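# Chains, contacts and geometry: an overview
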Amino acid sequence: MKHILISACLLGQACRYDGQSKTYAAIENLWHMPDVTLIPFCPEQGGGLPTPRPASEQQGDRVVTETGADVTEEYERGADQALRLARLYSCTWAVLKEKSPSCGSGEIYDGTFSRTLTAGDGVTAARLKAAGIRVVGEKHLQPLLAALRHVGV
Ligand code: SF4
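Residues numbered from 1 in each chain as written. Predicted model: local features only at pLDDT ≥ 70, side-chain atom pairs only at ≥ 80, totals over all residues. Heavy atoms only, no water.

### Some remarks on the site of the ligand
Short version of the rule: Being near a molecule or strand, for a residue, comes down to having at least one heavy atom within 4 Å of it. Amino acids are sorted into nonpolar (Ala, Val, Leu, Ile, Met, Phe, Trp, Tyr, Cys and Pro), charged (Asp, Glu, Lys and Arg) and polar (every other residue, Gly among them).
Around the ligand, the surrounding shell holds 14 residues, and the nearest of these are Cys-9, Cys-42, Glu-44, Lys-97 and Cys-103. Among the residues making up the shell around the ligand, the classes are represented as seven nonpolar, three polar and four charged.

### Points about the pattern of salt bridges
As a reminder, the rule being used: Note on definitions: salt bridges are taken to be side-chain nitrogens of Lys or Arg within 4 Å of carboxyl oxygens of Asp or Glu. The helix and strand labels rest on DSSP assignments: H or I over at least four residues marks a helix, E over at least two residues marks a strand, and numbering proceeds from the N terminus. Burial status follows relative accessibility: with a 1.4 Å probe on protein chains alone, a residue under 20% of its type maximum counts as buried, one over 50% as exposed, and anything between as partly exposed.
In this structure the tally under the stated criterion is eight salt bridges. The salt bridge involving Asp-80 is made with Arg-127; its shortest N-O contact spans 2.2 Å. Highlighted residues: Asp-80 in helix 3 (residues 72–88) and Arg-127 in helix 4 (residues 123–130), separated in sequence by 47 residues. Taking the relative accessible area as the measure of exposure, Asp-80 reaches 36% and is therefore partly exposed. The salt bridge partner of Lys-97 is Glu-138, with a shortest N-O separation of 3.1 Å. A residue pair is termed long-range when its members are at least 10 positions apart, and Lys-97 in the loop between strand 5 (93–96) and strand 6 (107–109) and Glu-138 in the loop between strand 8 (134–137) and helix 5 (142–151) qualify at 41 residues. Taken as a pair, Lys-97 and Glu-138 share a single burial class, namely buried. Among the charged side chains, a salt-bridge network with shared partners connects Glu-76, Asp-80 and Arg-127.

### Thoughts on the nonpolar core
As a reminder of what qualifies: In plain words, nonpolar cores are sets of buried Ala, Val, Leu, Ile, Met, Phe, Trp, Tyr and Cys residues tied together by side-chain atoms within 4.5 Å.
If you look at the biggest cluster of nonpolar residues, it comprises 16 residues, and the most contacted ones within it are Ile-4, Leu-30, Val-95, Leu-141, Leu-144 and Leu-148. Breaking this core down by element, the ones donating at least two residues are strand 1 (2–7), helix 1 (27–31), strand 2 (36–41), strand 5 and helix 5. Judged by nonpolar contacts, the second largest core, of 15 residues, contains Leu-83, Leu-85, Leu-96 and Val-135.

### Re the sheet that holds strand 5
Going by this rule: In this scheme, strands are said to pair when DSSP sees at least two bridges between them. Whenever a helix is involved, its axis is fitted only over the stretch in contact; in every case the axis is a line through C-alpha atoms, and angles between N-to-C directions fall within 0 to 180 degrees. A contact between two residues is defined here by any heavy atoms of the two lying within 4.5 Å.
Strand order in the open sheet formed by four strands is 2-1-5-8, with parallel pairing between adjacent strands. Strands at the two margins of the open sheet, each flanked by one partner only, are strand 2 and strand 8. Taken over all neighbouring pairs, the strand axes of this sheet differ in orientation by 30° on average, direction set aside. Judged from the four bridges that link them, strand 5 and strand 8 form a sheet pairing that is parallel. Bridging across to strand 8, Val-95 finds its partner in Val-136. In the packing of helix 3 onto the sheet, contacts are made with strand 1 and strand 2, and the angle to strand 2 comes to roughly 160°.

Written as structure tokens, this is what we have:
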């Protein structure tokens, strides 16, 4: 059995900052693969933030809301918990929601709250990557699907 950590909002949990989920059709490919168990987790909720909550973006090494509140500690706590869960289930891969200040991988919003993207990782994505866990976004599942089909994880 292969365990894959996944952003809970991608599985339909209404845990986003706006109280919505963000399902994506390709996740169905994972859901129905034999011997794969998805481990859902929302690091922002896990870090102690409420839902709904103000939108947040990274500004340097801090995470702030659009009204200027510093929520870095909650984001760091959520990242710690995500890593703990990934290790508990021996996850070597994670599927994380793209562009999120927690889960985004490769590109995130630039901290100006103008919907402008820049290169970078969300706090949780960075934490998992630093621990050697491979992170893919929901629109870039091919490396994971290839590994599951041909190599094993
Ligand atoms: Fe989804 Fe991650 Fe945002 Fe939680 S923190 S709502 S799992 S993108």
